[in-house]
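# Residue-level structure breakdown
Spelled out, the chains give:
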Amino acid sequence: MPKISNKGTQMPESPIRKLVPFSEIAKKKGHKVYHLNIGQPDIKTPEVAMEAIKNFDIKVLEYSHSAGFESYRTKLSKFYQNQGLPINFEDIIITTGGSEALLFAMGSTMDPGDEIIIPEPFYANYNGFSTASGVNVVPVISSIDTGFALPAIADFEKLITPKTKAILICNPGNPTGYLYSKEEMMQLAELVKKHDLFLIADEVYREFTYDGDIHYSVMNIPGLEENAIMIDSVSKRYSMCGARIGCIVSKNKELMGAAMKFAQARLSPPTFAQVASEAALDTPQSYFDEVISEYRERRDTLITELHKIEGAKVATPKGAFYCIVELPVANADDFARWLLESYALNGETVMVAPAAGFYSTPGVGLNQVRIAYVLKKEDLIKAVQILKEAIKVYNSK
């Protein structure tokens, strides 16, 4: 019998999606499942984007330019400039989601066997992208006790080897919701310049900041033009996850030349989705004001309710719409599956994402889960009440 590759064997399962079969079974039993596991916003996609698709009158659904429509890149660059980011259209390559942008970044900066340092916990698919690229993740652990703040620069520096090619951060963070300060970004900038590394910043949640905190982009750091790579996406900003449109951004022309070859190899990003994404740039500020206000209220509701669970620990997120929760259970993976297979409160249960999959260090995060607060406040309250009662039953087994 033919065998699959070692790479195929080593590709990690998604902690966000691997329990889907169990949630489907729970639903077939007639149980309502509150999905706290996935960052799929319930916020309505801007009408201007939907109308653009409805009114797009074409005879042939053609390829676009491999870098994406020039009209979209030009309009997107002006969007960034209005946010104070010095980005021109030639600094942008449109990709099939932020995921492809990350694959282009890794493929353009690293060879098989090279290393990338990532503060953990981190977006679980970074493990998958690294495996697909033949790159080794070198984790530097951040702590729930500090709210998942940037680890000490000394902790990064002692991990740097001749194989190290980049540091990757998510800002604001998925799964932690941590927002890196300007001071922390400047520390990372000095480190990558000192060791001639790339600093890849996944900034897909840039709009989602709370409490007056300001997002400081990797593209705003002076003197870092050759080192900085920004990853972005329309998925969360406009609640357009299904569009699968993102971009890789850099001032480094050699880097972008390499990324362009990857872009050409996959031909082009989706045409219809680019039409919607270009139109979405006309979304009024009032849309974002309402969305941020709603998420802030959801965050505050969730944190208040989680504090009612005896033995639980949670760091208040400063951005994005996720948090990591330490639960009074020995194995969150087993608990999450048990919730779907064996537990319901008044015909309802909860789906969470076990957090061990957001680490690459074995044995870390075993009692943690990631929660996405993408449900309305009433559902968040109900979901946490179910968690609270479920933990009592689970621990008494």
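Keep in mind that what you see is a predicted model, and the values were worked out from it rather than measured.

## Digging into the nonpolar core
Grouped together as the largest cluster of nonpolar side chains are 137 residues, with contacts concentrated most on Ile116, Ile167, Ile200, Ile248, Phe335 and Ile371. For this core, the domains that each give at least three residues are domain 1 (6–44 + 286–396) and domain 2 (47–281).

## Observations concerning the sheet that holds strand E9 (residues 313–314)
Read across the open sheet, the four strands follow the order E9-E10-E13-E12; overall the sheet is antiparallel. Each having just a single partner strand, E9 and strand E12 (353–354) make up the two edges of the open sheet. As paired strands, E9 and strand E10 (residues 322–326) are joined by two bridges and run antiparallel to one another. Counterpart to Lys313 in the pairing with E10 is Glu326. Packing of helix H11 (residues 285–306) onto the sheet brings it into contact with E9, E10 and strand E13 (368–372), and relative to E10 it is tilted by some 5°.

## Observations regarding the packing of aromatic side chains
Scanning the model with the defined rule gives 19 aromatic pairs in all. Pairing Phe104 with Phe262 gives two aromatic rings, centres 6.1 Å apart and planes at 35°, and the pair type is tilted. In this pair, Phe104 sits in helix H5 (residues 97–109) while Phe262 sits in helix H9 (residues 253–265), placing the two residues 158 residues apart along the sequence. Its relative accessible area of 5% is what places Phe104 among the buried residues. Phe262 gets classed as partly exposed once you look at its relative accessible area, which sits at 35%. For the pair Phe208 and Tyr295, a centre-to-centre distance of 5.5 Å together with 80° between the ring planes defines the contact as edge-to-face. Residue Phe208 is found in the loop between strand E6 (198–202) and strand E7 (228–233), and its partner Tyr295 is found in helix H11; the two are separated by 87 residues along the sequence. Judged by its relative accessible area of 1%, Tyr295 falls in the buried class.

## Examining the sheet that holds strand E4 (residues 136–141)
An order of E2-E8-E7-E6-E5-E3-E4 is seen for the seven strands of this open sheet, with the pairing classed as mixed. Both outer strands of the open sheet, strand E2 (92–95) and E4, are each paired with one neighbouring strand and no more. Direction aside, the axes of adjacent strands within the sheet are offset by 25° on average. Summarising the sheet, E7 and strand E8 (residues 246–249) pair through four bridges and their orientation is antiparallel. Residue pairing across strands places Ile231 opposite Ile248, the latter belonging to E8. In the packing of H5 onto the sheet, the strands contacted are E2, strand E3 (115–120), strand E5 (164–170), E6, E7 and E8, and the crossing angle to E7 comes to about 160°.

## Examining the pattern of salt bridges
Two side chains with opposite charge may pair up if their charged atoms get near one another. Enumeration according to the criterion identifies 26 salt bridges in this entry. With its nearest N and O atoms 2.7 Å apart, the salt bridge here joins Arg206 to Glu203. Look at Glu203 and you get buried, because its relative accessible area is 0%. With a closest N to O distance of 3.0 Å, Arg299 and Asp300 form a salt bridge. On the basis of relative accessible area, Arg299 is assigned to the buried category, the value being 3%. A single salt-bridge network, built from bridges that share partners, covers Asp42, Glu294, Glu297, Arg298 and Lys377.

## As for a nonpolar patch on the surface
A surface patch of nonpolar side chains, about 310 Å² in accessible area, is lined by Ile53, Ile58, Leu61 and Phe272. With respect to the helices and strands, the residue Ile58 is situated in the loop between helix H3 (47–54) and helix H4 (70–82).

## Here's the deal with helix H2 (residues 20–28)
Of all the positions in H2, only Phe22, Ser23 and Ala26 are classed as buried. Along the long axis of H2, the arc covered by the buried residues comes to 100°, so they all point the same way. In this structure, the buried side of H2 is in contact with strand E1 (32–35), helix H12 (332–342) and strand E11 (348–351). Where H2 ends, the next residue or the one after it, Gly30, has phi of about 95°, a positive value.

## So, unusual backbone geometry
Put simply, Glu120 and Pro121 share a cis peptide bond, and its omega is 5°. Within the secondary structure layout, Pro121 lies in the loop between E3 and helix H6 (125–133). A cis amide bond links Asn171 with the next residue in sequence, Pro172, at an omega value of -5°. Phi is positive for Ser239, which is not a glycine, with a value near 55°. Here Ser239 lies in the loop between E7 and E8. Classification of Ser239 as buried rests on a relative accessible area of 7%.

## Here we look at the domain arrangement of the protein chain
Taken domain by domain, the protein chain holds domain 1 (6–44 + 286–396) and domain 2 (47–281). The C-alpha centroid of domain 2 is placed 26 Å from the C-alpha centroid of domain 1. Summed over both partners, the interface of domain 1 with domain 2 buries about 3,200 Å², with 61% contributed by carbon and sulfur atoms. Our enumeration of links across domain 1 and domain 2 arrives at three salt bridges. When contributions to the side of domain 1 that touches domain 2 are tallied by element, the ones reaching two or more residues are helix H1 (6–10), H11, E9 and E10. The element best represented in the side of domain 1 that touches domain 2 is H11, accounting for seven residues. Of the residues that constitute the side of domain 1 that touches domain 2, the class distribution is 23 nonpolar, seven polar and eight charged.

Reading guide: rules and limits
Residues numbered from 1 in each chain as written. Predicted model: local features only at pLDDT ≥ 70, side-chain atom pairs only at ≥ 80, totals over all residues. Heavy atoms only, no water. Core = buried A, V, L, I, M, F, W, Y, C linked by side-chain atoms within 4.5 Å. Buried < 20%, exposed > 50% of the residue type's maximum accessible area, 1.4 Å probe, protein only. Domains from an automatic or database assignment. Pairing = 2+ DSSP bridges. Helix = DSSP H or I, 4+ residues; strand = E, 2+ residues; numbered from the N terminus. Contact = heavy atoms within 4.5 Å. Axes fitted to C-alpha atoms, helices over the stretch in contact; angles between N-to-C directions. Phe/Tyr/Trp six-rings, centres within 6.5 Å; stacked < 30°, edge-to-face > 60°. Salt bridge = Lys/Arg side-chain N within 4 Å of Asp/Glu carboxyl O. Patch = residues over 30% accessible without salt bridge, like charges linked within 9 Å, V, L, I, M, F, W, Y side chains within 5 Å. Areas by Shrake-Rupley, 256 points an atom, 1.4 Å probe, with all protein chains shown as cover. Arc of directions from axis to C-beta. Buried area = accessible area lost by both parts, 1.4 Å probe. Nonpolar A, V, L, I, M, F, W, Y, C, P; charged D, E, K, R; others polar.

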